[in-house]
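As a plain string of letters, each chain reads:
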Amino acid sequence: MVTIGKFDGVHPCLTAATQAGKVFIHNPHARGQRPAAHRLSHSTQDSDISLLNINQAVTCLTAGKLGPNTTGDTLLVGSQTNLLAYDVHDNADVFYREVSDGANTIVLGKLGDIRSPLAIIGGNCALQGFDYAGADHFWTVTGDNVRSLVLFDFTGDGKNELLVGSEDFDIRVFKEDELVSEMTENETVTSLCHMHGSRFGYALANGTVGVYDRNARYWRIKSKNHAMSIHAFDLNADGVVELITGWSNGKIDARSDRTGEVIFKDNLSSSVAGVVEGDYRLDGQTQLICTSIEGEVRGYLPAGKDLKGNLMDSSAEQDLIRELSHRRQNLLLELRNYEENAKNLSGCARVPIVPPKDIPVDLHIKAFVGGKTSTQFHVFEITRQLPRFSMYDVNFDSSADPPTGSVTFSISERPQRITLRTDDIDLAGDLVQSLASFLALEDLSAEADFPVYFEELRTTLTEVDEFHSVHQKLTAAMADHSNYIRNMLVQAEDARLMCDMMTTKKRYRELYDLNRDLVNEYKIRSNNHNALLACLKSVNLAIQRAGRLRVGKPKNQVISACRDAIKSNNVNSLFRIMRAGTASS
């Protein structure tokens, strides 16, 4: 929700979203200039600040080069229903698009072989990319609501891939619409940032931050606070960027990209809102700029030559010494517990373990063991990994009804034709992807049928049509009421100016009733919109699940064909594609 843009092509402007549905633009370099009256208005409190009225809650924003002929950077602002591309310099809309899947996060840049830069938004299980004219050049689905995006050359082929962090704990790598890699974490992936080369930083909703190099995790640490923003910046001037993290308690720290060691830390008075960089003083030096939710802004210059590599001051070193001393005392106490505890051990604990997904799970077990009256305990620690499909067993009960769902595909190994029977389409997709990875299959087409799931999807598609119809009717009704209110207000004011108090009271009573109706209609419209979003998420998930039953090009073809079928409202074609992988009968 914080970015820096050179909207006139020269001067960097700190830009951020407010809680009141506005975006403020701080431009201390062009004082005395007043923008034209369109969306942008000048703040009366501070001549350096302009406000952009969005009139709905802002969910994400960024700035950068989008169009080939624009003077400077384009500002992109996302909400749960729309994406605005705005030319701040000329105070004019570039484009304004409705986005049915919402915009939770946004990134701007080149992707793969697509020639023009794209504004890529991540929303309700979907990814969508727009060019400078608002044309839709990229669309695909992913496993869950998207929370973070970053563009960089992950594979080293000289072209950018798109990394996507989502609420299903996965980091996915897309080469345009092809999924080329996948990493699984243990919480929602809330932030991603490119470090250097193929290395990138990430943050999770549980307070974890860390660094990956392609698919290999270098390090990670966990905090009791939440990481609000991460950024790559060479703060100690050693030629290698550090991972800068802004935390929910106001702390800012810089960690080595190689080890995770803290090399610098500071504190703001409230939660960090965003971390960006730019030459904000126009003196040729790029600063690290940290902002808080209360409006505090601090800029940090890279270290001088005398401090290169060592930014921790003496007080920080004293804190580290105290922390190590405290840890030493705890270890000595634990050692004494081992020595003093009696050996009257008894009892057994059974703990059910239910992994949230079919992924390898690391179990870190710490058992405290002692007698019934003990005040001190032995501590036993062990780490074990559960394999990916450890929660399943072979069922030899022939009397049980067989699953009605199945996926069938052919491979060059023996047996050549395989059918997997299950009513769980997610499990079927996981098994197909796992088998394809084990056999190193680049392309795999399949035929699938999941009657129960497909019937549920057909019902959902009918509901989507109904919600769309209700949405259009409610929007038209609200527009009529709004016009009626404007006319009624003019009549009421005319009557008041003419001292006709009877008519004035009558008109304002009617206005009161109209306003109440309008508020009620808005509540209905809001509930309808939320229900529509839930249905659209189910549809996007269905497309992604149908894609996961295939591998490589057949997978991409199924996803693309499914989208085309939904665009043309051809439900029968959609189900043919999901079953056979093609729209032909």
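- Identification of the chain as BBSome complex member BBS2 from Scophthalmus maximus is taken from an unreviewed UniProt entry.

**Quick word on the overall build of the chain**
- Check the secondary structure of the chain and you find six helices and 33 strands.
- Principal-axis analysis of the C-alpha atoms places the extent of the chain at approximately 95 × 75 × 60 Å.
- The buried share among the 585 residues of the chain stands at 44%.
- When contacts within the chain are restricted to residue pairs at least 6 apart in sequence, long-range pairs at least 24 apart make up 49% of them.
- Accessible area of the chain: about 31,200 Å², with a carbon and sulfur share of 50%.

**Re the UniProt feature "domain: BBS2 hairpin" (unreviewed entry) in the chain**
- The feature "domain: BBS2 hairpin" (unreviewed entry), as given by UniProt, occupies residues 451-548 in the numbering adopted here.
- Secondary structure content for residues 451-548 is 97% helix and 0% strand, while the C-alpha to C-alpha distance between its ends is 17 Å.

**Some thoughts on empty space enclosed by the protein**
- Inspection of every chain in the model, using the stated rule, returns four cavities of 30 Å³ or more.
- Its volume calculated, the largest cavity comes out at about 60 Å³.
- If you go around the largest cavity, you meet 13 residues; those closest to its centre are V141, F174, L179, Q544 and K555.
- When residues of the lining of the largest cavity are traced back to their parent elements, those giving at least two are β13 (136-141), β16 (170-175), α4 (501-548) and α5 (553-567).
- Considering every element that reaches the lining of the largest cavity, the biggest residue donor is α5, with three residues.

**A look at the packing of aromatic side chains**
- Applying the stated criterion across every chain yields a total of 11 aromatic pairs.
- Here the aromatic rings of F95 and F130 are separated by 6.2 Å at their centres, their planes lie at 45°, and the arrangement is tilted. Highlighted residues: F95 in strand β9 (residues 92-98) and F130 in strand β12 (residues 126-130), separated in sequence by 35 residues.
- What makes F95 buried here is its relative accessible area of 6%.

**Comments concerning the UniProt feature "domain: Ciliary BBSome complex subunit 2 middle region" (unreviewed entry) in the chain**
- As annotated in UniProt, the feature "domain: Ciliary BBSome complex subunit 2 middle region" (unreviewed entry) corresponds to residues 148-255 in the numbering used here.
- Secondary structure within residues 148-255 divides into 0% helix and 64% strand; the distance between the first and last C-alpha atoms comes to 21 Å.

**Focus: the side chain of H481**
- Here H481 is to be found in helix α3 (residues 451-497).
- Within the local environment of H481, its side chain forms a polar contact with the side chain of E521, the two groups lying 3.2 Å apart.
- Excluding its chain neighbours within four sequence positions, the residues that come into contact with H481 are L514, L518 and E521.

Rules used throughout
Residues numbered from 1 in each chain as written. Predicted model: local features only at pLDDT ≥ 70, side-chain atom pairs only at ≥ 80, totals over all residues. Heavy atoms only, no water. Helix = DSSP H or I, 4+ residues; strand = E, 2+ residues; numbered from the N terminus. Buried < 20%, exposed > 50% of the residue type's maximum accessible area, 1.4 Å probe, protein only. Contact = heavy atoms within 4.5 Å. Areas by Shrake-Rupley, 256 points an atom, 1.4 Å probe, with all protein chains shown as cover. UniProt positions renumbered as here; feature names shortened; annotations may be inferred. 1 Å grid on protein atoms, 1.4 Å probe; cavity = no way out; pocket = protein on both sides within 12 Å on 5 of 7 lines; lining within 4 Å. Points joined across faces, edges and corners; volume = space filled by probe spheres on them. Phe/Tyr/Trp six-rings, centres within 6.5 Å; stacked < 30°, edge-to-face > 60°. Polar contact = N/O pair within 3.5 Å; in protein donor to acceptor, adjacent residues only side chain to side chain.

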